[in-house]
Amino acid sequence: MAAWVALEEAAATHGTARDPAQTSTEFTTAVLTTTPAPAPELTTLRTLYQRARFTDHPVTDTDVTTARTALTTIARTLDEPPTAAHP
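What counts, and where the lines are drawn
- Here the residue numbers are simple positions, counted from 1 along each chain's written sequence.
- Residue-level local features of this predicted model are given only where pLDDT is at least 70; pairs of side-chain atoms are given and counted only at 80 or more, and the full residue set underlies all totals for whole chains, interfaces and linings.
- Hydrogens are left out, water is left out, and the side-chain values use all remaining heavy atoms of the structure.
- By convention, a stacked pair of Phe, Tyr or Trp rings (six-membered ring in the case of Trp) has centres within 6.5 Å and planes under 30 degrees apart, an edge-to-face pair has planes over 60 apart, and any other such pair is tilted.
- Helix numbering and strand numbering both begin at the N terminus, where a helix is a DSSP run of H or I of at least 4 residues and a strand a DSSP run of E of at least 2.
- Buried, partly exposed and exposed residues are distinguished by accessible area as a fraction of the type maximum, computed with a 1.4 Å probe on protein chains only: under 20%, between the cut-offs, and over 50%, respectively.
- Residues enter a nonpolar core if they are buried and are Ala, Val, Leu, Ile, Met, Phe, Trp, Tyr or Cys, with the set joined through side-chain atoms within 4.5 Å.
- Contacts are residue-level and defined by heavy atoms, with any inter-residue pair within 4.5 Å sufficient.

1. Concerning the packing of aromatic side chains
Reasoning step 1: The full count for this structure, using the stated rule, is three aromatic pairs.
Reasoning step 2: Their ring planes at 70° and their centres at 5.8 Å tell us that Trp4 and Phe27 sit as a pair that is edge-to-face. Of this pair, Trp4 sits in helix H1 (residues 2–13) while Phe27 sits in helix H2 (residues 24–34), placing them 23 residues apart in sequence.
Reasoning step 3: Trp4 sits in the buried class, given a relative accessible area of 1%.
Reasoning step 4: With a centroid separation of 6.4 Å and 85° between ring planes, the pair formed by Tyr49 and Phe54 is classed as edge-to-face.
Reasoning step 5: Put simply, the rings of Trp4, Phe27, Tyr49 and Phe54 touch in pairs and so form one group of aromatic residues.

Put into structure tokens, the structure is as follows:
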């Protein structure tokens, strides 16, 4: 899923690169602890990625729209200036 790859790239730009051995859950946990990325959108993107990658369910237009929306919100958050909680 392209949105997941974009998330990995954005997180790496902010210092949280995905280790090849990390599961998607481990990676999103790392992103949550090292960036100000919003948990609901990360969870949404992770869930959609796991469904697309590990099930036979087809990716729907709604899934794509939901993933894009989540990724846009995450990207906006990562583009904001750092706060005291996330220097």
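On we go.
2. Here we look at the nonpolar core
Reasoning step 1: Ranked by internal contacts, the top residues of the largest apolar core, which has 15 residues, are Leu7, Leu45 and Ile74.
Reasoning step 2: Residue assignment for this core shows that the elements contributing at least two residues are H1, H2, helix H3 (39–54) and helix H4 (61–79).
Reasoning step 3: With sequence-adjacent residues up to four places away left out, Leu45 is seen in contact with Ala3, Trp4, Leu7, Ala67, Leu71 and Ile74.

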